[in-house]
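# Fold and contact review
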Amino acid sequence: MTRGSKKRLSHEDELREALRSKGQFWTPEWVARFMAAYVLQDNPDRLLDPALGEGVFFRVSRDYAARRGFNLALFGCDIDPSVRGLAQRAGVAAADLQNFEVRDFVLNPPSRTFPAILANPPYIRHHRLPPAYKAALREFAREAMGIAPDGRAGLHVYFLIRTLQSLSPGGRLAYIVSADICEGVFADALWRWITSRFRLDAVVAFSTAAAPFPEVDTNALVLCIRNAEPRSEFDWVLCHRRDPLPLELFLSGKVFDKSESFEVRTRHLAEALQTGLSRSPSTADHGRYLLGDFARVMRGIATGDNDFFFLTSARAHELGIPDSLLVNAVGRTRDIQGDRFTANDLADLEKQGRPTRLFSINGYSLDQLPPPVITYLKSGEARGVPLKTLIRTRKPWYRMETRKVPPILFAYLGRRNARFIRNEANAVPLTCLLCVYPRADSPDFVERLWKVLSHPRTIANLRLVGKTYGGDAIKVEPRALERLPLPEDLVLAEGLEKKAAPRQASLNITAA
Ligand SMILES: C[S@@+](CC[C@H](N)C(=O)[O-])C[C@H]1O[C@@H](n2cnc3c(N)ncnc32)[C@H](O)[C@@H]1O
């Protein structure tokens, strides 16, 4: 771009910007080593890293091939041209960068296939993908899988599909990725596709002490997949120590003494995908009832800019925004003490200067709005609010999501304080909380359901459906919360069973 030119950012520029602001996370060498041992065990003649970064996979693969004495050609690509220099500075030989290309691996992949692939894909969540780029990714996935994945799939999901397509028959892939690859809303369709075409040999999960990316709030998995006849069982490995050697031996099929560094269980695909690949095999009695039999779950409202849309009453008053354009809302889990949230609590928050009023204009055109509201919207435009990621997808930009007031809220971060809250404050939640809508409105039913949900045995089941992040944190997505098992005796004791809705068909993995 020339100085002073008004050229718009290209999709590549936008993507690079998203990458920069998200950071590029390099695989630790001890993990790269056992990943390489898995894909290189048959002495293949070439290896691909489709997202090279600093080139740790090139370095450990070169080292592995040298130790085993076989010839290995290294192929790589990355969307970011600066990684060539980064890789060289990190110790990749110039000769090994001869087959490195700057390209977008998903939309413009190399034309040949590879018997060995190592990948740590870019982790870019769907809302950070430039819209035209996301549309092209979805089209690619629709062609590959026969159906487009849910729009909430991030770049790492599309990357996995392309990576699998790039595997030669019999070829092996080791892919390090966030556990949400098997937990997000897109996961059912993705894993149905994978497990009906490829063999999942092993999944490596990590206990907190061995987390590969301890500084990041995510839970990593290594997927070891072969382009071979699918099987319905695989090895689930839980790694306890940052010690690559025993895992190198195990994943490359060598005999090894029992190791304290990791444990292995043989698991059935259907069970593991239901429980979540990052979690230990479930021995819990899932019982007959799930939360989804009695309630629907939705996330709270995403404003796109809380500073602009979420106001204290005093501020709304000062701006001259009429009450008819404001709804009661709660914006932080810690604004709710205990497990009942009442109108008095809302008033107390107001006294403490916390915002409780959501600016919610829907169904009015600009010329129908009072002048002070127009002035406030103009001030937002001057501050660039309409250009924010989520807001720019809305028409008009100030249109707010709406939710019926949910009778029950769910606070979903933190295993110790995850709780269901009886909402008596007539308030809608922002994204910090989930909305639970019981399938029947009667106050008696809602109270009984809430009692079952709040029971410590129900709360204990959250670990079966939540995404766990190192330490004590747990996060539960709306669809996952609908799969929360409710202890059958509690359901029967409250007489809820008569209100259970008929079940939808669930995931049925049919690998041989
Ligand atoms: C998480 S880093 C991993 C780097 C390295 N392989 C490692 O394991 O340390 C992901 C890399 O993917 C690159 N990348 C992002 N989008 C890409 C795309 N569409 N095609 C190819 N590479 C991409 C980024 O520039 C970044 O270097």
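Reference entry: report on the structure contained in this document. (Residues numbered from 1 in each chain as written. Predicted model: local features only at pLDDT ≥ 70, side-chain atom pairs only at ≥ 80, totals over all residues.)

## Description of the sheet that holds strand 15 (residues 357-359)
This is how the line gets drawn: The pairing criterion is simple: DSSP has to find at least two bridges between the two strands. Runs of H or I in DSSP of at least four residues are treated as helices and runs of E of at least two as strands, each being numbered from the N terminus.
With mixed pairing, the 4 strands of this open sheet are ordered in space as 12-15-13-18. Looking at which strands have only one partner, the edges of the open sheet turn out to be strand 12 (310-311) and strand 18 (428-429). The pairing of strand 13 (residues 326-330) with strand 18 spans 2 bridges and is parallel. Pairing of Val 330 across the sheet is with Pro 429, part of strand 18.

## Structural notes on the site of the ligand
Formally: The rule is simple: place the C-beta atom from the backbone, and if it lies within 6 Å of a molecule or strand, the residue is near it. Each residue is assigned to one class: nonpolar for Ala, Val, Leu, Ile, Met, Phe, Trp, Tyr, Cys and Pro, charged for Asp, Glu, Lys and Arg, and polar for all the others, Gly among them.
Of all residues adjacent to the ligand, which total 23 residues, the nearest are Thr 27, Ala 51, Gly 53, Asn 120 and Pro 122. Among the secondary structure elements, those contributing two or more residues to the shell around the ligand are helix 3 (56-68) and strand 2 (73-78). Considering only residue class, the shell around the ligand consists of 14 nonpolar, 4 polar and 5 charged.

## Details of the sheet that holds strand 16 (residues 408-411)
Inclusion rule: A fitted line through C-alpha atoms represents every axis, and for helices the fit uses only the stretch in contact; the resulting angles, taken between N-to-C directions, go from 0 to 180 degrees. By the convention adopted here, residues make contact when the C-beta atoms placed from their backbones lie within 7 Å.
Read from one edge to the other, the open sheet built from 5 strands follows the order 11-19-16-17-14, with strand pairing classed as mixed. Each end of this open sheet is capped by a strand with a single partner; those strands are strand 11 (295-299) and strand 14 (340-342). Between one strand axis and the next, the sheet turns through 30° on average, direction left out of account. Two elements, strand 16 and strand 17 (residues 419-424), share 4 bridges in a ladder whose sense is antiparallel. Looking at strand 17, one finds that Leu 409 is bridged to Ile 421. Taken strand by strand, helix 14 (residues 443-454) contacts strand 11, strand 16, strand 17 and strand 19 (433-438), and its axis lies near 155° from that of strand 17.

## Notes on the packing of helix 5 (residues 131-145) against helix 6 (residues 155-165)
Put simply, the rule is: Should an angle lie under 35 degrees it is considered roughly parallel, over 145 roughly antiparallel, and from 65 to 115 roughly perpendicular; all remaining angles are considered oblique. When the near helix sits turned anticlockwise from the far one by under a right angle, the crossing is termed left-handed; a clockwise turn instead gives a right-handed crossing.
Viewed as axis vectors pointing N to C, helix 5 and helix 6 meet at an angle of 45°, and their least axial separation amounts to 10 Å. Judged by the inter-axis angle, helix 5 sits oblique to helix 6. Crossing handedness for the pair helix 5 and helix 6: left-handed. Residues Leu 137, Phe 140, Ala 141, Ala 144 and Met 145 of helix 5 touch helix 6, and the partners they reach there are Tyr 158, Ile 161 and Gln 165. Classifying every residue of the contact of helix 5 with helix 6 gives 7 nonpolar, 1 polar and no charged.

## Here's the deal with helix 5
Note on helix geometry: an α-helix contains 3.6 residues per turn, so any two residues three or four positions apart are oriented the same way. Keep this limit in mind: Any helix carries an expected span of 1.5 Å times its number of residues minus one. A residue is called partly exposed when the number of other C-beta atoms within 10 Å of its own lies between 12 and 20, exposed at 12 or fewer, and buried at 20 or more, with C-beta atoms placed from the backbone. Comment: arc refers to directions from the helix axis out to C-beta atoms.
Here helix 5 spans 21 Å end to end across 15 residues, near enough to the 21 Å set by a 1.5 Å rise per residue. Among all positions of helix 5, only Tyr 133, Lys 134, Leu 137 and Ala 141 are buried. The buried side chains of helix 5 occupy one side of the element, clustering within an arc of 95° when seen end-on. Among the exposed residues of helix 5, those pointing more than 90 degrees away from its buried face are Pro 131, Ala 132, Glu 139, Arg 142 and Glu 143. Looking one or two residues past helix 5, Gly 146 carries a phi angle of roughly 90°, positive in sign.

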